Amino acid sequence: MKICTSIAEARAASRQIRAERKRLGLVPTMGALHAGHLSLVRAAKARCAAVVVSIFVNPTQFGPKEDFAKYPRPFESDCAVLEKEGADMIFAPTADEMYAKGEITWVTVEGPSEKLDGRSRPGHFRGVTTVVAKLFHGIEPEVAFFGQKDAAQLAVIRRMVRDLNFPVEIVSCPIVREPDGLAMSSRNAYLSPKERCSALVLNRSLQEVEKAFRGGERDARALVQSGRAVLAQEPEVRLDYFEIVDPETLDPLAAASGKSLVAVAAYVGSTRLIDNVVLESRG
Ligand code: PAF
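Hey, could you go over the packing of aromatic side chains for me, with residue numbers and the actual values?
Evaluation of the coordinates by the stated rule reveals 4 aromatic pairs. Here Phe 56 and Tyr 99 contribute two aromatic rings whose centre-to-centre distance is 6.4 Å and whose plane-to-plane angle is 35°, an arrangement assigned as tilted. With Phe 56 in the loop between strand 3 (50-55) and helix 3 (75-85) and Tyr 99 in the loop between helix 4 (95-98) and helix 5 (117-120), the pair connects residues that are 43 residues apart, well separated along the chain. For the pair shown, Phe 56 and Tyr 99 are each scored as buried. Centroid distance Phe 62 to Tyr 71: 5.8 Å. Interplanar angle 75°. Geometry classified as edge-to-face. The rings of Phe 62, Phe 68 and Tyr 71 are connected pair by pair, giving a single aromatic cluster. Over the ring of Phe 213 we find Arg 218; its NZ or CZ atom is 3.9 Å from the centre of that ring.

Outline the site of the ligand, listing residues and values.
The ligand sits among Pro 28, Thr 29, Met 30, Asn 58, Gln 61, Val 131, Phe 146 and Gln 153. Gln 61 places a side-chain nitrogen or oxygen 2.6 Å from an oxygen atom of the ligand. Within the complex, the protein chains bury 88% of what would otherwise be the 290 Å² of accessible surface of the ligand. For the shell around the ligand, the class distribution of residues is 4 nonpolar, 4 polar and no charged.

Could you give an account of the environment of Ser 226, naming the residues involved and the relevant values?
Relative to the helices and strands, Ser 226 is located in helix 9 (residues 220-231). Sequence-wise, Ser 226 and Glu 210 are 16 residues apart; in three dimensions their C-alpha atoms are separated by 9.6 Å. When near neighbours in sequence (up to four residues on either side) are disregarded, Ser 226 contacts Glu 208, Val 209 and Ala 212. Among the polar contacts listed, one links the side chain of Ser 226 to the backbone oxygen of Leu 223, at a separation of 2.6 Å.

I'd love a proper account of the nonpolar core, names of residues and values included.
Among soluble globular proteins, nonpolar side chains are generally buried collectively. Among the nonpolar cores identified, the biggest contains 44 residues, and Phe 136, Met 160 and Ile 170 are the most heavily contacted of them. Dropping the residues within four chain positions of it, Phe 136 is found in contact with Leu 26, Pro 141, Ala 144, Phe 146, Met 160, Val 161, Phe 166, Val 168 and Ile 170. Counting 25 residues, the second-largest nonpolar core is a separate cluster that includes Leu 200, Ala 220, Val 262 and Ala 266.

Before we move on, can you summarise the sheet that holds strand 7 (residues 237-245) with the specific residues and values?
One open sheet holds the 3 strands; their spatial order is 7-8-9, and the pairing between them is antiparallel. Strand pairing shows two members of the sheet lacking a second neighbour, strand 7 and strand 9 (271-280), which therefore form its edges. When the angles between neighbouring strand axes are averaged without regard to direction, this sheet yields 15°. Across 10 bridges, the pairing between strand 8 (residues 259-268) and strand 9 is antiparallel. Counted as the bridge partner of Val 262 is Val 277 from strand 9. Where helix 9 meets the sheet, its contacts fall on strand 7, strand 8 and strand 9, and the angle it forms with strand 7 comes to roughly 160°.

Summarise a nonpolar patch on the surface; cite the residues concerned and give the values.
Taken together, the side chains of Met 1, Ile 3 and Phe 75 present a nonpolar region at the surface, about 220 Å² in accessible area. Of the residues examined, Ile 3 reaches a relative accessible area of 38% and is grouped as partly exposed.

A description of the pattern of salt bridges should follow, citing residues and the corresponding values.
For the structure on display, the rule yields 18 salt bridges. The partner of Arg 18 in a salt bridge is Glu 140, and the shortest N-O contact between them spans 3.6 Å. Linking Arg 18 in helix 1 (residues 7-19) with Glu 140 in the loop between helix 6 (124-139) and strand 5 (143-147), this pair joins segments that are 122 residues apart in sequence. With a shortest N-O distance of 3.0 Å, Asp 117 and Arg 272 are connected by a salt bridge. Pair noted here: Asp 117 is in helix 5 and Arg 272 is in strand 9, with a separation of 155 residues, a long-range link. Residues Asp 117 and Arg 272 agree in their burial class; the two are buried.

Describe the sheet that holds strand 1 (residues 2-4), with residues and values.
Within a beta sheet, neighbouring strands are joined by backbone hydrogen bonds and run either parallel or antiparallel to one another. The strand order across the open sheet built from 6 strands is 1-4-3-2-5-6, with neighbouring strands paired in parallel fashion. Only two strands of the sheet have a single neighbouring strand rather than two, namely strand 1 and strand 6 (169-173). Across the sheet, the axes of successive neighbouring strands diverge by a mean angle of 25°, strand direction being ignored. Of the pairings in the sheet, the one linking strand 2 (residues 24-29) to strand 5 comprises 2 bridges and is parallel in character. Opposite Gly 25, over in strand 5, you have Val 143 as the bridge partner. Each of strand 1, strand 2, strand 3 and strand 4 (89-91) touches helix 1; the most contacted strand, strand 1, lies at about 140° to it. Lying on the sheet, helix 3 is in contact with strand 1, strand 3 and strand 4; it crosses strand 3 at an angle near 170°.

Rules used throughout
Residues numbered from 1 in each chain as written. Predicted model: local features only at pLDDT ≥ 70, side-chain atom pairs only at ≥ 80, totals over all residues. Heavy atoms only, no water. Phe/Tyr/Trp six-rings, centres within 6.5 Å; stacked < 30°, edge-to-face > 60°. Helix = DSSP H or I, 4+ residues; strand = E, 2+ residues; numbered from the N terminus. Buried < 20%, exposed > 50% of the residue type's maximum accessible area, 1.4 Å probe, protein only. Lys NZ or Arg CZ within 6 Å of the ring centre and 35° of its normal. Near = heavy atom within 4 Å. Polar contact = N/O pair within 3.5 Å; in protein donor to acceptor, adjacent residues only side chain to side chain. Areas by Shrake-Rupley, 256 points an atom, 1.4 Å probe, with all protein chains shown as cover. Nonpolar A, V, L, I, M, F, W, Y, C, P; charged D, E, K, R; others polar. Contact = heavy atoms within 4.5 Å. Core = buried A, V, L, I, M, F, W, Y, C linked by side-chain atoms within 4.5 Å. Pairing = 2+ DSSP bridges. Axes fitted to C-alpha atoms, helices over the stretch in contact; angles between N-to-C directions. Patch = residues over 30% accessible without salt bridge, like charges linked within 9 Å, V, L, I, M, F, W, Y side chains within 5 Å. Salt bridge = Lys/Arg side-chain N within 4 Å of Asp/Glu carboxyl O.

Structure, rendered in C-alpha cells:
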C-alpha cells in the first residue's frame, strides 16, 4: 500500500493506476477510522479495481470554537487497518500541502450549504466542498464513496458534482450502527459512558418517527413532534435541529411523501452528534 503526502505524488500514482485501465475509487476521510469508514472501503473495493483513501483533518470545515485541535488522529493504526482492508493507496497531505498560503478561492454550493448542519455550523460546507473538490482534482477518481450518516454533506457534494460537471460518480453507503443502534462516528470517542448511553436517544427518536410514519402519519410537523418528544426525555441531550427535508435540496417538507430525510443533530455534553433516516412512501 502506497502512502502519498504530496498532491503531485498522489496524482502521478492515481494516473498510473488509470493508465492500467483500472477503475479508481476514492474514499475521502478525516481518519480515526471506524466500521462506518470500513464499509465505504469495502464498497469501493467491490466496485473498483483500485482504492485510494484520503486521510486529512480538514481545518476549513471546523468553526473557531469546534474540535479541530482535539479531533483524533490515530494515523498509524488507520494505516494498519487500511493495509488489512486492501486499500491501494493512502493520500495523507498536510494542511500546507492542501492550502496554499493566502488562498482565497472557495467552492460554495449556495442554498443547501446553509441548511441543517450548514445553519448551525456557518462555513462548514464551504470547507467540505472546497476540500472535496481539491481531492477530486488531485486524485481524479471515477467513483467516490460517502456515508449516508452525513446526509446533508452528501446532498451538498452531489450538487457540487452536478453543477461543476465533475466526472465522478458519487456512491452513498448506508449508516453503520453499533449493536445498540448508535450511529458510528469518530466523535463517539469523546462520549463518557453516561453520555454514550444518553446518545442512544437520537436513534430512538428517529425510530419513533419511522413508527408514526408506518402508522400512516404524513404530516411533517406531527412526525417531527413525535421525534422531539422522545429526545426531550433525555435532559443531557440538547437539540440542535430535528427536521424533515427533501434529501436533495434539504428544503423543509410539509408532508412526508416520496423520499423524505428525517435528520437530527444534538449535543450530548459538548459533543455534537448527527443521525438520520430516510422515509419512503410507496406509490
Ligand atoms: O465526512 C468527512 O469525513 C469529511 O467531511 C470529508 C468528506 C472527508 C471532507 O473533509
